[in-house]
Amino acid sequence: MRAEGFEIKVGRNLSFWAVGQERFTRSKTIGADYTLEALKERIICNSRPAEKSILSAPSAHGRKVNRLVDVEAKQLEGKGTGYEKWAKLFNLKEAANTLIFLTEHGISDYEELAARADEAGKKFDAASARIKQVEAQLAELSRLRSHIINYSKTRNIYTVYRNAKDKKAYLAAHRDEITIHEAAKQAFDKLGGKQIPKVAEIQAEFSSLLAEKKELYQEYRQARKDMVDLGTVRQNIERILNIQQTNEKSQDAQR
């Protein structure tokens, strides 16, 4: 870092200062991987055993791939020389991480990367849609179960109400129970002539859907991770290719 022109301060925290900065930047603000302890650990243990190459596994260095920084855009925002140096080093590291990711997951060309990224997005969307569907079914079962219980509890009161000579007086005294009973009857009418299920049957279906929802959330989290990881790598590759194309055009023009 000193060779790159940074001033270093080692104390309770590791801090760096570059020309143009107003104050020192603590390394830990960049992320947990840049605390003094984490840096020492990586220097001492600069190689780790390769892990099994599957999409859900972390890369060999144990870190996810981050998006490349648009240095030119940041310069237009007024970022200084210190930030520019950091961003270029960051991009070099993440470009290397991107290539490591591709190697670990056996992706050899952009078309395959794009296809796998699209597939990950579809799996995520499917898992999200199914979770919403299951949650809607659970909510409906919960409502139906409440109506069945309420219907049973208020049936005698409603029978008396139907046979009462002074319905207005009886309604005034038992309005809540009668309203609940009638709401349950309306819910049963919406079943379209289907037999009203027993509470035990609803509970069994409810438990089955809850178990499915739990499994779906595991699929959802994995699908989301795959979508984010592959999407980030895809964006990095597209940025790298664009940079290369721009450089090639510039070289051609120069020649």
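Let me sum up the structure you'll find in this document. (Residues numbered from 1 in each chain as written. Predicted model: local features only at pLDDT ≥ 70, side-chain atom pairs only at ≥ 80, totals over all residues. Heavy atoms only, no water.)

In this section: helix α6 (residues 175-189). Its 15 residues give α6 an end-to-end C-alpha distance of 21 Å, which sits within 8% of 21 Å, the value for a rise of 1.5 Å per residue. Taken together, the buried positions of α6 are occupied by Ile178, His181, Ala184, Ala187 and Phe188. Buried residues in α6 make contact with α4 (110-163) and α5 (167-173). (Helix = DSSP H or I, 4+ residues; strand = E, 2+ residues; numbered from the N terminus. Expected span 1.5 Å × (residues − 1). Buried < 20%, exposed > 50% of the residue type's maximum accessible area, 1.4 Å probe, protein only. Contact = heavy atoms within 4.5 Å.)

Attention shifts here to the environment of Ile240. Tracing the backbone through its elements, the reader meets Ile240 in helix α7 (residues 199-254). The contact partners of Ile240, leaving out residues within four places of it in the chain, are Leu68 and Ala95.

Here the focus is the packing of aromatic side chains. All told, the structure shown has seven aromatic pairs when counted by the stated rule. Seen in terms of ring centroids, Phe124 and Tyr220 are 5.1 Å apart; in terms of plane orientation they differ by 35 degrees. Their pairing is tilted. In this pair, Phe124 is assigned in helix α4 and Tyr220 in helix α7, connecting sequence segments 96 residues apart. You can call Phe124 buried: its relative accessible area is 14%. Ring centres of Tyr158 and Tyr161 lie 5.8 Å apart, and the angle between their planes is 50 degrees; on these two criteria the pair is classed as tilted. (Phe/Tyr/Trp six-rings, centres within 6.5 Å; stacked < 30°, edge-to-face > 60°.)

Moving on: the pattern of salt bridges. Evaluation of the coordinates by the stated rule reveals eleven salt bridges. A salt bridge links Arg143 to Glu140; its shortest N-O distance comes to 2.8 Å. Highlighted residues: Arg143 and Glu140, both in helix α4, separated by three residues, approximately one helical turn. Among the charged side chains, a salt-bridge network with shared partners connects Asp118, Arg234 and Glu238. (Salt bridge = Lys/Arg side-chain N within 4 Å of Asp/Glu carboxyl O.)

This next bit is on the pairing of strand β1 (residues 7-10). Looking along a regular strand, one sees side chains alternate from face to face of the sheet. Bridge count for β1 against strand β2 (residues 14-17) is four bridges, and the pairing is antiparallel. Residue pairing in the sheet places Glu7 in a bridge with Trp17 of β2. As consecutive antiparallel partners, β1 and β2 are separated by three residues. (Pairing = 2+ DSSP bridges.)

Counted as a void, the largest pocket has a volume near 760 Å³. Along its surface, the largest pocket is lined by 20 residues, and Met1, Ile30, Tyr34, Trp86 and Leu89 are the ones closest to its centre. When residues of the lining of the largest pocket are traced back to their parent elements, those giving at least two are α1 (36-44) and α3 (81-104). When grouped by side-chain class, the residues that make up the lining of the largest pocket number eleven nonpolar, six polar and three charged. (1 Å grid on protein atoms, 1.4 Å probe; cavity = no way out; pocket = protein on both sides within 12 Å on 5 of 7 lines; lining within 4 Å. Points joined across faces, edges and corners; volume = space filled by probe spheres on them. Nonpolar A, V, L, I, M, F, W, Y, C, P; charged D, E, K, R; others polar.)

Here we come to the packing of α4 against α6. At a minimum axis separation of 7 Å, α4 and α6 run at an interaxial angle of 125 degrees. Between α4 and α6, the angle falls in the class oblique. With respect to the hand of their crossing, α4 and α6 are arranged in left-handed fashion. Between α4, through Leu144, His147, Ile148, Asn150, Tyr151, Thr154, Arg155, Ile157, Tyr158, Tyr161 and Arg162, and α6, the contact on the second element is made entirely by Glu177, Ile178, Ile180, His181, Glu182, Ala183, Ala184, Lys185, Ala187 and Phe188. A breakdown of the residues in the contact of α4 with α6 according to their chemical character gives twelve nonpolar, four polar and five charged. (Axes fitted to C-alpha atoms, helices over the stretch in contact; angles between N-to-C directions. Parallel < 35°, antiparallel > 145°, perpendicular 65-115°, else oblique. Left-handed = near helix turned anticlockwise from the far one by under 90°.)

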